[in-house]
Amino acid sequence: MAKSRLKICLSVSAMLFIIVSIVTIALIFTVFKPKDPNIVVHVEPVDLLSPDMPIIMNISTLVTIGNPNFGSFEFKKSYSYVTYHDTVVGTVPIESQLVPAHSEINVSTYTLMTVNKLINNPDFWKEVVPGYKFTLISKAEFPGKVIVLKYIKLKGTAYNTCNITVNMAPGSHDVKSICNSQIKIH
Ligand SMILES: *[C@@H]1O[C@H](CO)[C@@H](O)[C@H](O)[C@H]1NC(C)=O
Ligand SMILES: *[C@@H]1O[C@H](CO)[C@@H](O)[C@H](O)[C@H]1NC(C)=O
Ligand SMILES: *[C@@H]1O[C@H](CO)[C@@H](O)[C@H](O)[C@H]1NC(C)=O
């Protein structure tokens, strides 16, 4: 008697769990449609034209990841690739992170910049000589999962692209990033 009651109880719990999961997933895709994250890669300004430039430079970099969703987002270790006119000139490792719901985190990392690949590109000098400015593009994919109510996990990937404008005008070194990010639930 006790055994079958336990069985009924367990199967009712299982049913409830399934129903709650389905309703939650349905809500995520309708009412709470996942919003795109806000990911910005901030590269520290450096003087690329100093006479003693190393071939590979380690530049301090901050990656800000904002999660506007009501679920948290957890992603695996990722890399952002920095290109100049389609040539990869830098990589930015980004350690795995959990970004809680409705919050923003800052991840301190670095960009390994292959300076010679950049300055050996003839386009680089065409751009830098007149304007003291050039633009890099960074692209990253963050494969991970959206976690809702602790136990519901949806696989998703966040995609991020930034236009990084480096201004090397004497006395006003700065780096501006304008980024666009998206999340896709698989
Ligand atoms: C770059 O610098 C950071 C911080 O100083 C350090 O943790 C990292 O190991 C360096 N990376 C390489 C490949 O030298
Ligand atoms: C992340 O860093 C940016 C730039 O330094 C700062 O404006 C922002 O407040 C920081 N956010 C958090 C959550 O620490
Ligand atoms: C980056 O620059 C390209 C070309 O100038 C432009 O089409 C694109 O919209 C820019 N991206 C962002 C995120 O501003």
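Quick note: structure is the one above.
The sections below set out a description of the structure shown in this document. Everything numeric in this text was worked out from a predicted model, so none of it was measured.

With respect to the packing of aromatic side chains
- All told, the structure shown has 8 aromatic pairs when counted by the stated rule.
- Relative to phenylalanine 134, the ring of tyrosine 84 lies with its centre 6.1 Å away and its plane at 80 degrees, an arrangement referred to as edge-to-face. Note that tyrosine 84 is positioned in strand S4 (residues 78-84) and phenylalanine 134 in strand S8 (residues 133-148), a separation of 50 residues in sequence. In this pair, the class of tyrosine 84 matches that of phenylalanine 134, namely buried.
- Judged by centre distance (5.1 Å) and plane angle (85 degrees), the ring pair of phenylalanine 124 and tryptophan 125 falls under edge-to-face.
- Looking at phenylalanine 124, the relative accessible area reads 0%, which means it is buried.
- Counting every residue linked through ring pairs, the aromatic cluster contains Tyr84, Phe124, Trp125 and Phe134.
- The residue whose ring lies beneath lysine 184 is tyrosine 159, and the NZ or CZ to ring-centre distance is 5.1 Å.

Describing unusual backbone geometry
- Here the phi dihedral of histidine 85 falls at roughly 45 degrees; this positive angle occurs in a residue that is not glycine.
- Summarising the element assignment, histidine 85 is placed in the loop between S4 and strand S5 (87-94).
- For histidine 85, a relative accessible area of 45% puts it in the partly exposed group.
- You will see that aspartate 86, though not glycine, has its phi angle at about 70 degrees, which is positive.

Quick look at the side chain of serine 80
- If you trace the backbone, serine 80 turns up in strand S4.
- A distance of 3.5 Å separates a polar atom in the side chain of serine 80 from the backbone oxygen of lysine 139.
- Discounting residues that sit within four places of it in the chain, serine 80 has contacts with Gly90, Thr91, Val92, Ile94, Ser138, Lys139 and Ala140.

Side note on empty space enclosed by the protein
- The final tally for this structure, using the stated rule, is 3 cavities of 30 Å³ or more.
- Of the voids in this model, the largest cavity is the one considered here, and its volume is about 90 Å³.
- In terms of lining, the largest cavity is formed by 14 residues, of which the most central are Val43, Ile59, Met113, Leu136 and Val166.
- Put simply, the parts of the chain that give the lining of the largest cavity at least two residues each are strand S7 (103-114), S8 and strand S9 (152-167).
- The residue makeup of the lining of the largest cavity, split by class, is 12 nonpolar, 1 polar and 1 charged.

About the thresholds
- Residues numbered from 1 in each chain as written.
- Chains lettered and ligands numbered in written order.
- Predicted model: local features only at pLDDT ≥ 70, side-chain atom pairs only at ≥ 80, totals over all residues.
- Heavy atoms only, no water.
- Phe/Tyr/Trp six-rings, centres within 6.5 Å; stacked < 30°, edge-to-face > 60°.
- Helix = DSSP H or I, 4+ residues; strand = E, 2+ residues; numbered from the N terminus.
- Buried < 20%, exposed > 50% of the residue type's maximum accessible area, 1.4 Å probe, protein only.
- Lys NZ or Arg CZ within 6 Å of the ring centre and 35° of its normal.
- Polar contact = N/O pair within 3.5 Å; in protein donor to acceptor, adjacent residues only side chain to side chain.
- Contact = heavy atoms within 4.5 Å.
- 1 Å grid on protein atoms, 1.4 Å probe; cavity = no way out; pocket = protein on both sides within 12 Å on 5 of 7 lines; lining within 4 Å.
- Points joined across faces, edges and corners; volume = space filled by probe spheres on them.
- Nonpolar A, V, L, I, M, F, W, Y, C, P; charged D, E, K, R; others polar.

As far as function goes, none of this settles anything; it's purely spatial.
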